[in-house]
Amino acid sequence: DAGVTQSPTHLIKTRGQQVTLRCSPKSGHDTVSWYQQALGQGPQFIFQYYEEEERQRGNFPDRFSGHQFPNYSSELNVNALLLGDSALYLCASSPYSRGPYEQYFGPGTRLTVT
Amino acid sequence: AQTVTQSQPEMSVQEAETVTLSCTYDTSENNYYLFWYKQPPSRQMILVIRQEAYKQQNATENRFSVNFQKAAKSFSLKISDSQLGDTAMYFCAFVLVGNNRLAFGKGNQVVVIP
């Protein structure tokens, strides 16, 4: 049983560019959450998707947007990249009925903005 | 907003000995979950142990146990018989029941020395 997968593993972008990160949830999970983890910090909640809709959002600007597909996979898009967007982006999946009680994380995508 | 505080940013422990990590949180709510996650150098966030706030009994998972003091809003993790594979960052996390955004502390680095 594959766990949560994310792609790409690493990414280097220039300020002002746009980036798309991808996440495939664990089998049987229908909810995907995204977190940003800056160096030396704990993860910060960006948003959560369920039934192809954004259900909750953390304190992140509109430059951060997402999408969920019918197969439950998800994308995180960041527009107009800033140096401060450099971080590890973590995707987590869970069954909606269990909420964060059974949340599994992927290995993350390391984004570097230069 | 709920906050999670972890002190003692880095701790070293001899193999086979015991180490305790502290965590405090701030909330005015009564129903919530608490978690300890482990993040080794591979970056994968792995659930170590979880506790429902309504349960008075402290959770235990093999060598890992917690001391949950609800009135004091304290949630410490004890790692017994430490192993080299326990070397990692440990994050304390909090979430309200019915919510989905995990709030993480800044983490504790644990290094197990052979």
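The following refers to the structure shown.

Conventions and cut-offs
Residues numbered from 1 in each chain as written. Chains lettered and ligands numbered in written order. Predicted model: local features only at pLDDT ≥ 70, side-chain atom pairs only at ≥ 80, totals over all residues. Heavy atoms only, no water. Helix = DSSP H or I, 4+ residues; strand = E, 2+ residues; numbered from the N terminus. Rg over C-alpha atoms; globule rule 2.2 N^0.38 Å. Buried < 20%, exposed > 50% of the residue type's maximum accessible area, 1.4 Å probe, protein only. Contact = heavy atoms within 4.5 Å. Areas by Shrake-Rupley, 256 points an atom, 1.4 Å probe, with all protein chains shown as cover. Disulfide = S-S within 2.5 Å. Phe/Tyr/Trp six-rings, centres within 6.5 Å; stacked < 30°, edge-to-face > 60°.

Quick look at the overall build of chain A
Argument step 1. Broken down by element type, chain A carries zero helices and eleven strands.
Argument step 2. Ordering the α and β elements of chain A from the N terminus gives β-β-β-β-β-β-β-β-β-β-β.
Argument step 3. The C-alpha radius of gyration computed for chain A amounts to 13 Å, which stays within 12% of the reference 13 Å derived for 114 residues, consistent with globular compactness.
Argument step 4. Taken along its principal axes, the extent of the C-alpha atoms in chain A is 40 × 25 × 25 Å.
Argument step 5. Considering chain A as a whole, with its 114 residues, one finds that 52% of them fall into the buried category.
Argument step 6. Within chain A, counting contacts between residues at least 6 apart in sequence, those at least 24 apart form 53% of the total.
Argument step 7. Accessible surface computed for chain A: about 5,200 Å², of which carbon and sulfur atoms make up 47%.

Considering the state of the cysteines
Argument step 1. Applying the stated criterion across every chain yields a total of two disulfides over all chains.
Argument step 2. The partner cysteine of C23 of chain A in its disulfide is C91 of chain A, sulfur to sulfur 1.7 Å. Its S-S torsion of about -55° marks the bond between C23 of chain A and C91 of chain A as left-handed, since a negative value means left-handed. Remark: C91 of chain A occurs in strand β9 (residues 87–94) and C23 of chain A occurs in strand β3 (residues 19–24); sequence separation between them is 68 residues.
Argument step 3. On the basis of relative accessibility, which here comes to 2%, the residue C23 of chain A falls in the buried class.
Argument step 4. According to the relative accessible area criterion, C91 of chain A is buried, its value standing at 0%.
Argument step 5. Paired through a disulfide, C23 of chain B and C92 of chain B show a sulfur-sulfur distance of 2.0 Å. What sets the handedness of the C23 of chain B and C92 of chain B disulfide is the S-S torsion sign, and at about -70° it is left-handed.

Structural notes on the packing of aromatic side chains
Argument step 1. Under the criterion given, the structure shown has 18 aromatic pairs over all chains.
Argument step 2. A centroid spacing of 3.7 Å and a plane angle of 10° characterise the contact between Y50 of chain A and Y96 of chain A, whose relative ring orientation is stacked. Taken as a pair, Y50 of chain A in strand β5 (residues 44–50) and Y96 of chain A in the loop between β9 and β10 (104–105) lie far apart in primary sequence, 46 residues in all.
Argument step 3. The class of Y96 of chain A is partly exposed, set by a relative accessible area of 39%.
Argument step 4. Consider the rings of W36 of chain B and F75 of chain B, whose centres lie 6.3 Å apart with planes at 20°: the pair is stacked. You can see W36 of chain B sitting in strand β5 (residues 32–39) and its partner F75 of chain B sitting in strand β9 (residues 74–79), a full 39 residues away along the chain.

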